[in-house]
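Chain and residue survey
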Amino acid sequence: MSTNTGASILKPLFSAWSWIFLIGILAFFELYARAETGQTFLFRIYNMQSIAIAASQILLLALGLTLVIVAGQIDLSIGFTTGLSAVVMALVVRAMGPDTGWGAVIMAMMVGIFAAVVVGLLNGWLVAILNVPSFIGTLGTYGIARGGALIVAGGATVSIRSDEARSFGNGDILGIPVPVVVAGLLALACHYLLTHTRFGVHTYALGANRASVERAGVNVKRHLIWLFIISAVTAGVGGLVYTGRFSAGAANAGEPILLYAVAAVFIGGASLTGGQGTITGTVIGAFIIAVIQFGLVFSGLPPYWQFVAVGLVIIVAVLVDQSKDKLTGAQS
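This section reports on the structure supplied with the text. Owing to the predicted nature of the structure, the values given are computational and were not obtained by experimental measurement.

1. Some words on the nonpolar core
- Counting residues in hydrophobic clusters, the biggest one holds 93 residues, and the most contacted among them are Leu-65, Met-89, Ile-267 and Ile-289.
- In this structure Ile-267 touches Trp-17, Ser-18, Gly-285, Ile-288, Ile-289, Val-313 and Ala-317, once residues within four positions along its chain are discounted.

2. Examining helix H9 (residues 198-208)
- Of all the positions in H9, only Gly-200, Thr-203, Leu-206 and Gly-207 are classed as buried. The arc enclosing the buried residues of H9, seen along the axis, measures out at 120 degrees, which places them on a common side. With respect to the buried face of H9, the exposed residues turned more than 90 degrees away are Arg-198, Val-201 and Ala-208.
- Of the surrounding elements, those touching the buried residues of H9 are helix H3 (45-70), helix H8 (178-195), helix H10 (210-215) and helix H11 (220-246).

3. Brief notes about the packing of aromatic side chains
- For the structure on display, the rule yields seven aromatic pairs.
- Clustering of aromatic rings is evident, with ring pairs tying together Phe-28, Phe-29, Phe-41, Tyr-46, Phe-294 and Phe-298.

4. Points about the pattern of salt bridges
- Applying the stated criterion across every chain, the model contains three salt bridges.
- One salt bridge in this structure joins Arg-34 and Glu-30, with 2.6 Å as the shortest N-O distance. Taken as a pair, Arg-34 and Glu-30 lie in helix H2 (residues 17-36) at a separation of four residues, close to a single helical turn.
- Judged by relative accessible area, Arg-34 falls into the partly exposed class, the value being 46%.
- Among the ionic pairs, Asp-163 bridges to Arg-166, the shortest N-O distance being 2.7 Å. Within this pair, Asp-163 and its partner Arg-166 are both found in helix H7 (residues 163-170), separated by three residues, close to a single helical turn.
- Under the relative-accessibility criterion, Asp-163 is labelled exposed at 57%.
- The class of Arg-166 is partly exposed, set by a relative accessible area of 33%.

5. Section: the layout of surface pockets
- Empty space within the largest pocket amounts to approximately 470 Å³.
- Looking at the largest pocket, it is lined by 22 residues, and the ones nearest its centre are Ala-54, Gln-57, Arg-245, Ile-257 and Gln-293.
- Among the elements of the structure, H3, H11, helix H12 (255-267) and helix H13 (279-298) are those that each provide at least two residues to the lining of the largest pocket.
- Here the lining of the largest pocket gets eight residues from one element, more than from any other, and that element is H3.
- In terms of residue class, the lining of the largest pocket is made up of 16 nonpolar, five polar and one charged.

Conventions used here
- Residues numbered from 1 in each chain as written.
- Predicted model: local features only at pLDDT ≥ 70, side-chain atom pairs only at ≥ 80, totals over all residues.
- Heavy atoms only, no water.
- Core = buried A, V, L, I, M, F, W, Y, C linked by side-chain atoms within 4.5 Å.
- Buried < 20%, exposed > 50% of the residue type's maximum accessible area, 1.4 Å probe, protein only.
- Contact = heavy atoms within 4.5 Å.
- Helix = DSSP H or I, 4+ residues; strand = E, 2+ residues; numbered from the N terminus.
- Arc of directions from axis to C-beta.
- Phe/Tyr/Trp six-rings, centres within 6.5 Å; stacked < 30°, edge-to-face > 60°.
- Salt bridge = Lys/Arg side-chain N within 4 Å of Asp/Glu carboxyl O.
- 1 Å grid on protein atoms, 1.4 Å probe; cavity = no way out; pocket = protein on both sides within 12 Å on 5 of 7 lines; lining within 4 Å.
- Points joined across faces, edges and corners; volume = space filled by probe spheres on them.
- Nonpolar A, V, L, I, M, F, W, Y, C, P; charged D, E, K, R; others polar.

This is the structure:
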């Protein structure tokens, strides 16, 4: 069998590896559950809801990040952008009192999102206008957002009492948890933006060849600023959901999820060099991580094994990405 023939066979498998991996780990935990407990892992509503909620938390940080990575950039500030939005929303709700209705909660959410937009604008200004590498620029705003959240929160968790906010984080719509609905709607919006608009075409082109995009007359600086704003907004929504779920805003609300969000994007097929990646792939990546998290807890392993497992999956994702590049080179 020739090299080109082998490459043509293997390339589709590499492209669909995240789907194959997700099915594989679901099958593994299902077989484990039946062998150890005689019960099902996959076909229990509680398990599926828990996995979906965990995946939605990851997705809310990963969706906007996907667009940034497709464009060949990175946003390391999203973890504490989430925390800043969570704290700001909680402070506004607390200032309005425990008996406020949906109007006050919606206003608090808007202020929380505004705080996230400020971080996104700062990222865009650093990367697009000052030409600071996105890794360094967003690492700086990571610290700024973290410090800002701690300052406005007084270094403590900001607890609230609001039935409306609590229902936003813990309620359901037709039996589907609200966080899952919110993440699903944002995923659809980002998918449409990336695949059915000129903005999405420019995003892919920017990651593949920035010079050609500039020669085509696209305002690259403005485009980059919008990408970082979108990334900050989806992370900010994650902060709003956090405040609703736990009736509190915490500066470190998104810190544990940052690694998982970055991992979900690359597990889903995004390239380290930009120009590749899909929202569908990121959704699959988020579910892979969520299944690993819940499955390891279900198996009785200590929680810190989650970091080891996710780290190994990230390494596999990078190796798969490199293998795809080699196969593409072999076919050309």
